[in-house]
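Take a look at the letters that make up each chain.
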Amino acid sequence: MNTPSSTLHPQVHGIFDPVTWTVTYVVHQGPGTPCAIIDSVLDYDPKSGRTRTVFAQQVVDYVQKNQLRVEWILETHAHADHLTAAPYLKSKLGGKTAIGHAITSVQKVFKTIFNLEQSFQQDGSQFDHLFKDGETFQIGELTGRVMAVPGHTPACVAYQVGDAVFVGDTLFMPDVGTARCDFPGGDAKTLYASTRKILSLPPQTRLFMCHDYPPTDRPIAFETTVAEQRAKNIHVHDGVTEAQFVDMRTRRDATLEMPVLMLPAVQINIRAGEMPPKESNGTAYVKIPINAL
Ligand SMILES: [Fe+2]
């Protein structure tokens with residue numbers, strides 16, 4: 001295994017989902033090469049409980065049009081704002097699903113909160129692979145490296161591939177700031193340390209956001225650099241202390257509502273995107289805990 005050379009400049013294709021404000025990425029080295037898919041989205045209508053694969057099909061179409069070979073279907077964390085389309089993509093394109101090793105602690109917390117079935121495994125075995133901090137992996141000749149970046153959730157990871165880093169929900173675009181830290185296992189002090197870890201990479205490193213929530217006066221954007229974040233990020237630009245960040249983050253998080261898809265998303269994403277077991281009538285259900293969150 002090689003360590004990731006930051007001189008490598010892989011191609012990164014982002015597809016934006018305007019319903020959940022999420023970006024799915026395909027990283028590769030050109031037509032006919034191996035690729036990884038990062039943070040996919042399954043369409044979910046909370047009013048009817050119906051899922052669709054219209055957005056995920058855009059990813060399938062891009063991969064097939066460019067004759068890419070899917071090696072990995074990666075998650076930066078168990079998302080609370082959208083459902084992953086990993087099972088659909090795997091069925092269409094192949095590849096191994098993976099997430100950070102600490103997903104096991106997230107599974108334990110939510111197994112209790114949702115009182116999930118006895119047979120629900122808390123060992124991450126729903127995923128094909130669990131990454132440890134610093135672990136490397138191959139996308140053909142590209143070497144990826146896993147960076148544990150907890151804080152938004154305890155299991156958050158970023159993926160570094162050449163000079164590109166997929167930061168998950170640690171950082172947003174500079175004018176939006178950082179992700180909330182008030183979900184179970186989240187911690188503002190820990191997120192501050194994770195942002196400094198990313199921002200200690202070389203200044204020209206390309207950073208790819210998992211979401212964009214743009215102010216009304218600019219179009220959607222999801223690529224920036226370490227240098228730009230250090231100069232301009234409204235929450236963690238150079239000079240902001242840990243204490244200042246924790247104070248800001250804690251005050252702000254107290255004002256935020258739960259994401260619309262939090263309850264179904266978490267229950268399905270901790271199963272690597274599989275639905276809960278069907279009940280005796282052949283239907284799968286998600287639960288709504290009353291006054292527990
Ligand atoms: Fe998130």
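Preceding this paragraph is the structure being described.
These numbers come from a predicted model, not from an experiment.

Conventions adopted
- Residues numbered from 1 in each chain as written.
- Predicted model: local features only at pLDDT ≥ 70, side-chain atom pairs only at ≥ 80, totals over all residues.
- Heavy atoms only, no water.
- Salt bridge = Lys/Arg side-chain N within 4 Å of Asp/Glu carboxyl O.
- Buried < 20%, exposed > 50% of the residue type's maximum accessible area, 1.4 Å probe, protein only.
- Helix = DSSP H or I, 4+ residues; strand = E, 2+ residues; numbered from the N terminus.
- Expected span 1.5 Å × (residues − 1).
- Contact = heavy atoms within 4.5 Å.
- Core = buried A, V, L, I, M, F, W, Y, C linked by side-chain atoms within 4.5 Å.
- Polar contact = N/O pair within 3.5 Å; in protein donor to acceptor, adjacent residues only side chain to side chain.
- Axes fitted to C-alpha atoms, helices over the stretch in contact; angles between N-to-C directions.
- Parallel < 35°, antiparallel > 145°, perpendicular 65-115°, else oblique.
- Left-handed = near helix turned anticlockwise from the far one by under 90°.
- Nonpolar A, V, L, I, M, F, W, Y, C, P; charged D, E, K, R; others polar.

> Could you give me a rundown of the pattern of salt bridges, with the residues and numbers involved?
Inspection of every chain in the model, using the stated rule, returns 12 salt bridges. One salt bridge connects D45 with K47, and the closest N-O pair in it is separated by 3.5 Å. Taking the relative accessible area as the measure of exposure, D45 reaches 27% and is therefore partly exposed. A salt bridge links R218 to D175, with the shortest nitrogen-to-oxygen separation between them at 2.6 Å. Here R218, found in the loop between β13 (206–208) and β14 (223–225), pairs with D175, found in the loop between β12 (164–166) and α4 (188–199); they are 43 residues apart in sequence, far enough to count as distant. Judged by relative accessible area, which is 35%, D175 ranks as partly exposed. Three or more residues are tied together by salt bridges with common partners; here these are D175, D212 and R218.

> If you had to explain helix α1 (residues 54–65) to someone new, which residues and values would you point to?
Spanning 12 residues, α1 covers 17 Å between terminal C-alpha atoms, matching the ideal 16 Å at 1.5 Å per step. Its buried side turned inward, α1 meets β1 (11–17), β2 (22–28), β3 (34–38), β4 (43–45), β6 (69–74) and α2 (86–93). Q67 sits one or two residues past α1 and shows a positive phi near 50 degrees.

> How would you explain the nonpolar core if you had to name every residue and give the values?
Judged by nonpolar contacts, the single largest core of 25 residues is most densely connected at V26, I37, V63, V70, L89 and L93. The dominant element in this core, judged by the number of residues it contributes, is α1, at six residues. Apart from the residues lying within four places of it in its own chain, the contact partners of I37 are T24, Y25, V26, V59, V63, V70, W72, I73, L74, L89 and L93. Core analysis: the second largest hydrophobic core is formed by 21 residues, A188, L199, M209 and V240 among them.

> Help me get a handle on the side chain of D39, residues and values and all.
Note that D39 resides in the loop between β3 and β4. One polar contact links D39 to T76, side chain to side chain, over a distance of 2.8 Å. Once residues within four sequence positions are removed from consideration, D39 is found in contact with T22, V23, T24, L74, E75, T76, H79 and C210.

> Go over the packing of α4 against helix α6 (residues 242–253) with me, naming the residues and quoting the values.
Running from amino to carboxyl end, α4 crosses α6 at an angle of 125 degrees, the nearest separation of the two axes being 9 Å. Judged by the inter-axis angle, α4 sits oblique to α6. The hand of the α4/α6 crossing is right-handed. Packed against α4, whose contacting residues are A188, K189, L191 and Y192, the element α6 presents E242, F245, V246 and R249 at the interface. Tallied by class, the residues present in the contact of α4 with α6 amount to five nonpolar, no polar and three charged.

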